[in-house]
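Spelled out, the chains give:
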Amino acid sequence: MQVYYAVCLALSVIGLLIFKWRWNRDTDINITFIFLFIPIAEIGYLMRAISSNLEEALLANKIIYLGGCFLAMFITFSIMNLFQLKIPRIVGLIMTASSVLMYGVILMIGINGVFYKSVKFDIIDGEVVLTKEYGPLHTVFYVMVAVYTAIGVALLVYSMTKKKGVVSYRTTLLMILTEIISVISFFFGHSVSKRLELLPAAFIVFQAIFLIIMERTGMYNISITEASAMIDKAENGFIALDIHRRFIGANITARKFFLTLANQEVDEWFNIDKEPLSNVDAWLDEFDRLAKNSKGDRKTLEIEHSVEHHDRFYKFIINYLRDDRRIKGYQIVIIDETEERRYTNLLEKYNSDLEEEVEKKTEHIQEIQDKMVLGLAEMVEGRDFSTGGHIKRTSQGVKFLIEEMLKDPDCMVDKHFKSLMVKAAPMHDLGKIAVDDKILRKEGRFEPWEYEIMKTHAAKGAEMVKKVLTGVEDPEFELLAENVAHYHHERMDGSGYPDHLKGEEIPFEARIMAIADVYDALVSKRCYKDKYSFEKAFEIIEEGMGTQFDESLNKYFLAARPKLEEYYSSLDDDEE
């Protein structure tokens, strides 16, 4: 007999390992307990078979009763979950408490006589034999197991008649077989043999049956499959088929979408001839062809089809149903896109109007921003009596220069750059707001120390531009305006200020600004000088090309000369 119990133990451990490898991660906790408690009970049977005294035999018996007290309950709970049955929580608590209390009584065997009045230990023909006189609670234990079994059978009968389409008949019959084997081995096992227990072998059969059931249903349990497929939104329907296209299950949402699913039996061929599900077979054929010709990873393979049904729009997504290692079937996700379609159509209908409105609002906001920037620059200029109108005129000068650049295909500027430069030009002297009025408004030439203070307006202007524009304008304009303010007094030979930059170290936008700034200063009247003629101004700037100004800009300056002279000629003395 020891060999019999050892073999049963070994087989139960193998069953546990198979379960752990295949299903333990995603399965019902009650089934996990079934696979865990069976090897423990088998250990008890083997321990009792090799025990040498009463104390060892009683300890082994207490281990054996773990299966007797709890396995029937776990099987009942697993039936409830498998068939998606719900019982009041209080009933589950009573069943659990009953098993725990009963096992507590069993642990008192050898201490009091409520379960075993007496136990006699013998070894007959090399085999351990326990002769027991049962106490009153042993009968209660039998009643408890009988009640659990009756509840399980009743649930199975109810499921076969009332819960069609949830679990297949084959699975139901396997569960009924489990209950039959349980009753025969537990209640009538001793009638077959006084020494050989049938329950250890029955436990192995239980494991085998549950592995078969889980192979068919555990993987395809809708709640598990939906979780693995990330179908966790209530509005999404879900249908599972096996690799032979037999129906496995559908969630409540899918059954609400398509009432014909109510008559679809589990394990039957998925064959619905009503729209839009009648297209599924053709879609599966398409999916199989795509999979056959696919050279990539099939894990991400899927196809989509949209259909209209009863004035509603549905998107069907078909991909593989799989576990961690292999393809097990197909999963069909159904998304009701009706509201999304209506919303999209509404957006398309009013799209042009909305775009036009947004464009108007954007232009209005941009206009406000530009006026604010220009107003700030004019406020600063208003403190300097000698440069009235300077920011407007230099902006025009910049505009004329860049317009000539745009005509040259080799010059890397565009209309966007032009708009940014014209917008940034008025800010080039913003730093003058930090210069003391006594210096800024002084009539006549500056003393050397005054000129040094006046030169600080470039760096201070850059700081102010950065503070004013950061978070308000886009970074491209912010940098361009900052460079214009900071470096428009730098010279190509490095003798300018504030940082004595040379050549291409000076930002391109600042080099453009420098020409427009100096030209305006030359042809405009100042408190310390009269305005120069256009000829004289052009002569001075051309002489400065290569030393003060970027010589590559000279051709654009010359090309813009007619526009510049026409513009300045149109200004009256007050504007100059």
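These numbers were taken from a predicted model, which means no experiment stands behind them. (Residues numbered from 1 in each chain as written. Predicted model: local features only at pLDDT ≥ 70, side-chain atom pairs only at ≥ 80, totals over all residues. Heavy atoms only, no water.)

What to know about the overall build of the protein chain
Then, in step 1: Secondary structure summary: the protein chain contains 23 helices and seven strands in total.
Then, in step 2: Per-residue burial for the protein chain yields a buried fraction of 48% across its 576 residues.
Then, in step 3: Surface summary for the protein chain: the accessible area is close to 30,100 Å², and the carbon and sulfur share equals 58%. (Helix = DSSP H or I, 4+ residues; strand = E, 2+ residues; numbered from the N terminus. Buried < 20%, exposed > 50% of the residue type's maximum accessible area, 1.4 Å probe, protein only. Areas by Shrake-Rupley, 256 points an atom, 1.4 Å probe, with all protein chains shown as cover.)

Considering the sheet that holds strand 3 (residues 236–242)
Then, in step 1: The five strands lie next to each other as 4-3-7-6-5, forming an open sheet whose pairing is antiparallel. Whereas interior strands pair on both sides, the edge strands pair on one side only; in this sheet they are strand 4 (247–250) and strand 5 (302–309). Across the sheet, the axes of successive neighbouring strands diverge by a mean angle of 20°, strand direction being ignored.
Then, in step 2: Bridging between strand 3 and strand 4 involves three bridges; their strand directions are antiparallel. Directly across from Leu241, in strand 4, lies its bridge partner Phe247.
Then, in step 3: The strands touched by helix 11 (residues 280–293) within the sheet are strand 3, strand 5, strand 6 (312–322) and strand 7 (327–336), with strand 5 carrying the most contacts at an inclination of about 160°. (Pairing = 2+ DSSP bridges. Axes fitted to C-alpha atoms, helices over the stretch in contact; angles between N-to-C directions. Contact = heavy atoms within 4.5 Å.)

Regarding helix 14 (residues 390–406)
Then, in step 1: An ideal rise of 1.5 Å per residue puts 24 Å on 17 residues; helix 14 measures up with 24 Å between its terminal C-alpha atoms.
Then, in step 2: Judged by how many residues are buried, helix 14 sits mostly within the fold: 13 of 17 residues are covered. (Expected span 1.5 Å × (residues − 1).)

Focus: the packing of aromatic side chains
Then, in step 1: One pass over the full model with this rule turns up 27 aromatic pairs.
Then, in step 2: An angle of 45° between the planes, with centres 5.3 Å apart, marks the rings of Phe115 and Tyr116 as tilted. The pair formed by Phe115 and Tyr116 is uniform in burial state, with each residue classed as buried.
Then, in step 3: Three or more aromatic residues joined by ring pairs form one cluster here, namely Tyr65, Phe115, Tyr116, Tyr134, Phe141 and Tyr142.
Then, in step 4: The cationic tip of Lys423 hangs over the ring face of Phe477; the distance from NZ or CZ to the ring centre is 4.7 Å.
Then, in step 5: One residue, Arg561, lies across the ring of Phe538, its end atom 4.2 Å from the ring centre. (Phe/Tyr/Trp six-rings, centres within 6.5 Å; stacked < 30°, edge-to-face > 60°. Lys NZ or Arg CZ within 6 Å of the ring centre and 35° of its normal.)

A few points about unusual backbone geometry
Then, in step 1: Each neighbour pair has its own omega, and for Tyr497 with Pro498 the value is 10°, a cis peptide bond.
Then, in step 2: Positionally, Pro498 belongs in the loop between helix 19 (475–487) and helix 20 (508–523).
Then, in step 3: Positioned with a positive phi, His500 is a non-glycine residue whose angle comes to about 55°.
Then, in step 4: When you line up the elements, His500 lands in the loop between helix 19 and helix 20.
Then, in step 5: Given a relative accessible area of 49%, His500 falls into the partly exposed group.

A word on the nonpolar core
Then, in step 1: In this structure, Phe70, Ile106, Phe115, Phe141, Met175 and Phe203 are the most contacted members of the largest nonpolar core, which totals 60 residues.
Then, in step 2: The leading source of residues in this core is helix 3 (residues 54–82), at 16 residues.
Then, in step 3: Beyond its immediate chain neighbours, meaning those up to four positions away, Ile106 contacts Lys62, Tyr65, Cys69 and Phe115. (Core = buried A, V, L, I, M, F, W, Y, C linked by side-chain atoms within 4.5 Å.)

Comments concerning the pairing of strand 2 (residues 127–134)
Then, in step 1: Pairing of strand 1 (residues 116–124) with strand 2, which is carried by eight bridges, proceeds in the antiparallel orientation. Paired with Asp122 across the strands is Val129, a residue of strand 2.
Then, in step 2: Joining the antiparallel neighbours strand 1 and strand 2 is a turn of two residues, in which Asp125 adopts a positive phi near 50°.

Structural notes on the packing of helix 14 against helix 20
Then, in step 1: Helix 20 packs onto helix 14 with a crossing angle of 125° between their chain directions and a minimal axis gap of 9 Å. Compared by their axis directions, helix 14 and helix 20 come out oblique. As for how helix 14 packs across helix 20, the hand of that crossing is right-handed. For the pair helix 14 and helix 20, the contacting residues are His390, Arg393, Thr394, Gly397, Val398, Leu401, Ile402 and Met405 in the first and Phe508, Ile512, Met513, Ile515, Ala516, Asp517 and Asp520 in the second.
Then, in step 2: In the contact of helix 14 with helix 20, the residues fall into nine nonpolar, three polar and three charged. (Parallel < 35°, antiparallel > 145°, perpendicular 65-115°, else oblique. Left-handed = near helix turned anticlockwise from the far one by under 90°. Nonpolar A, V, L, I, M, F, W, Y, C, P; charged D, E, K, R; others polar.)

Topic: a nonpolar patch on the surface
Then, in step 1: Nonpolar side chains collect at one region of the surface, where Val3, Val7, Leu11, Ile14 and Ile18 lie side by side and expose about 420 Å² of accessible area between them.
Then, in step 2: In this structure Val3 comes out as exposed when scored by relative accessible area, which is 62%. (Patch = residues over 30% accessible without salt bridge, like charges linked within 9 Å, V, L, I, M, F, W, Y side chains within 5 Å. Salt bridge = Lys/Arg side-chain N within 4 Å of Asp/Glu carboxyl O.)

As for the confidence of the model for the protein chain
Then, in step 1: Confidence along the protein chain averages 81 in pLDDT terms, with 83% of residues attaining 70 or more.
Then, in step 2: Mean pLDDT per element in the protein chain: helix 9 (residues 222–228) is the minimum at 43, and helix 22 (residues 554–559) is the maximum at 93.
Then, in step 3: Contacts of residues 219–232 to residues separated by more than four positions or lying in other chains number 33 contacts, the stretch itself having pLDDT below 50. (pLDDT = per-residue confidence, 0-100.)

Brief notes about the side chain of Ser12
Then, in step 1: Among the secondary structure elements, Ser12 is positioned in helix 1 (residues 2–22).
Then, in step 2: Classification of Ser12 as buried rests on a relative accessible area of 0%.
Then, in step 3: Among all residues touching Ser12, those that are not within four sequence positions of it are Ile38, Pro39, Glu42, Ile204 and Gln207.

Digging into the pairing of strand 3
Then, in step 1: A large share of strand 3 lies buried, amounting to seven of its seven residues.
Then, in step 2: Residue alternation in strand 3 divides its side chains into two sets, Asn236, Phe238, Ala240 and Asp242 and Gly237, Ile239 and Leu241, and both sets are buried.
Then, in step 3: As defined by bridge partners, strand 3 adjoins strand 7 across seven bridges and the pair is classed as antiparallel. In the sheet register, Ala240 faces strand 7, and the bridge partner there is Gln331.
Then, in step 4: Counted between consecutive antiparallel strands, the loop separating strand 3 from strand 4 contains four residues, among which Arg245 sits at a positive phi close to 70°.

Thoughts on the pattern of salt bridges
Then, in step 1: One pass over the full model with this rule turns up 20 salt bridges.
Then, in step 2: With a closest N to O distance of 3.1 Å, Glu452 and Lys455 form a salt bridge. You can see Glu452 and its partner Lys455 sitting in helix 17 (residues 448–455), three residues apart, about one turn around the helix.
Then, in step 3: Looking at Glu452, the relative accessible area reads 45%, which means it is partly exposed.

A few points about the environment of Glu504
Then, in step 1: Structurally, Glu504 is set in the loop between helix 19 and helix 20.
Then, in step 2: For the pair formed by Glu504 and Met492, sequence separation is twelve residues and the distance between their alpha carbons is 7.9 Å.

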